[in-house]
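# Residue-level structural notes
Each chain, letter by letter, is given below.
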Amino acid sequence: MLKGANKNIRQLSKEELEQYFEEIGEKKFRAKQVYEWLWAKQAQRFEDMTNLSKELRTRLAEHFTLPALTADLTQHSADGTVKSRFRTVDGHLVEGVLIPTDDRKTACVSSQIGCSLSCKFCATGYMDRKRNLEFDEIYDEVVLINQQSEKVYGKKLTNIVFMGMGEPLLNYKNVLKAIEMISSPEGLGMSPRRITVSTAGVAKMIRQLGDDKVRFKLALSLHAANDAKRHEIMPINDSNDIKSLIEALNYFYQQTGNEITFEYILFKDFNDSLKDAEELVKIYRQVPADLINIIEYNPIDLAAFEKPEEDKVMQFMQYLEKHRVNVRLRRSRGKDIDAACGQLANKESH
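Residues numbered from 1 in each chain as written. Predicted model: local features only at pLDDT ≥ 70, side-chain atom pairs only at ≥ 80, totals over all residues. Heavy atoms only, no water.

### A closer look at the packing of helix α1 (residues 14–23) against helix α2 (residues 29–38)
Direction vectors running N to C along α1 and α2 enclose 130 degrees, while the axes themselves pass 8 Å from each other. Considered as vectors, α1 and α2 are oriented oblique to each other. Viewed along their axes, α1 and α2 form a crossing whose handedness is right-handed. Facing K14, L17, E18 and F21 of α1, the residues of α2 in contact are R30, A31, V34 and Y35. (Axes fitted to C-alpha atoms, helices over the stretch in contact; angles between N-to-C directions. Helix = DSSP H or I, 4+ residues; strand = E, 2+ residues; numbered from the N terminus. Parallel < 35°, antiparallel > 145°, perpendicular 65-115°, else oblique. Left-handed = near helix turned anticlockwise from the far one by under 90°. Contact = heavy atoms within 4.5 Å.)

### Things to note about the pairing of strand β6 (residues 105–108)
Burial along β6 is two-sided: K105 and A107 facing one way and T106 and C108 facing the other are all buried. Judged from the four bridges that link them, strand β5 (residues 93–100) and β6 form a sheet pairing that is antiparallel. Paired with V97 across the two strands is C108, which belongs to β6. Relative to strand β9 (residues 159–162), β6 is paired through three bridges, and the arrangement is parallel. Bridge assignment links T106 to a residue of β9, and that residue is N159. (Buried < 20%, exposed > 50% of the residue type's maximum accessible area, 1.4 Å probe, protein only. Pairing = 2+ DSSP bridges.)

### Digging into the packing of aromatic side chains
For the coordinates displayed, the defined rule picks out 12 aromatic pairs. Judged by centre distance (5.5 Å) and plane angle (20 degrees), the rings of Y264 and F316 are stacked. Of this pair, Y264 sits in strand β12 (residues 260–265) while F316 is found in helix α10 (residues 310–322), placing the two residues 52 residues apart along the sequence. Take Y264 and F316: they sit in the same class, and that class is buried. Among the aromatic side chains, those forming a connected cluster through ring pairs are F121, F267, F270, Y297 and F305. Over the ring of Y153 we find K105, and its NZ or CZ is 5.3 Å from the ring centre. Positioned above the aromatic ring of F270 is the side chain of K229, whose terminal nitrogen or guanidinium carbon lies 5.7 Å from the ring centre. (Phe/Tyr/Trp six-rings, centres within 6.5 Å; stacked < 30°, edge-to-face > 60°. Lys NZ or Arg CZ within 6 Å of the ring centre and 35° of its normal.)

Shown next, in the form of structure tokens:
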């Protein structure tokens, strides 16, 4: 079946590996050993699989590929944030970020190479989408950022957010499969409750997450509290308006009971008035959301948006708090290395 396939070995299930070993006259338990090397031990080459005979390792290398992501460039921010540019086997570049706080070490990972959504305020949105990342490439991002966390901070990752390049729900299968392996005891064994998938709002796929009874958290990038404004900055709103998103989020919650967060970037004189805050409260009341994250805008060269004055931010926050909204201000991290929210664009360091 699989002989001479020259296929990426990580795309095989344990059962398919067992079948392969039986076909070549090897013991079935070899499949378990190889599977462990691929996922739990994160081997990047066949020769690393030291409990297999040299002959068997050579044979695997002849039949299969093991295309692993490699770190291409690493930048350290003054605030401790670490941005990595990873290179895929076919030469594409994609970025991931390690965001450290006292009690958390969070990996911000990408799900696509580039993005097809073209949100007006995000640097990644100005890039073309080259392709989706495979589930094993997403897994590698987490592995490499975890290794960084251990090296720089002496601590393993505590959280993962799918907030890097791309729209995770437009690479649905690979994102779910990556999370399955990240949270599997045979993989990284991380609790899905420590994983958040952030979407610009694909209503149909948010419902699908509900049907699939996923166990991770969901964040919706709202960024405007009415359709006219959201349409202006996020073209996806044409086909996924706020009403359809509210319905999808409620369905997701009914099916899973998982935590939902709204993300809201403040743009000067665009969505930062008290009227905007009032509209945001109305949306918050219609969804069993746990939290609204107010995010500082990080200017990018390609967009004319600006960050509001500090007192304007505070007034906006106070309005939400007064109306019993659970709200948190997310200060930017890694701005000096273009690692902050909306800045990922594979730029060379300045």
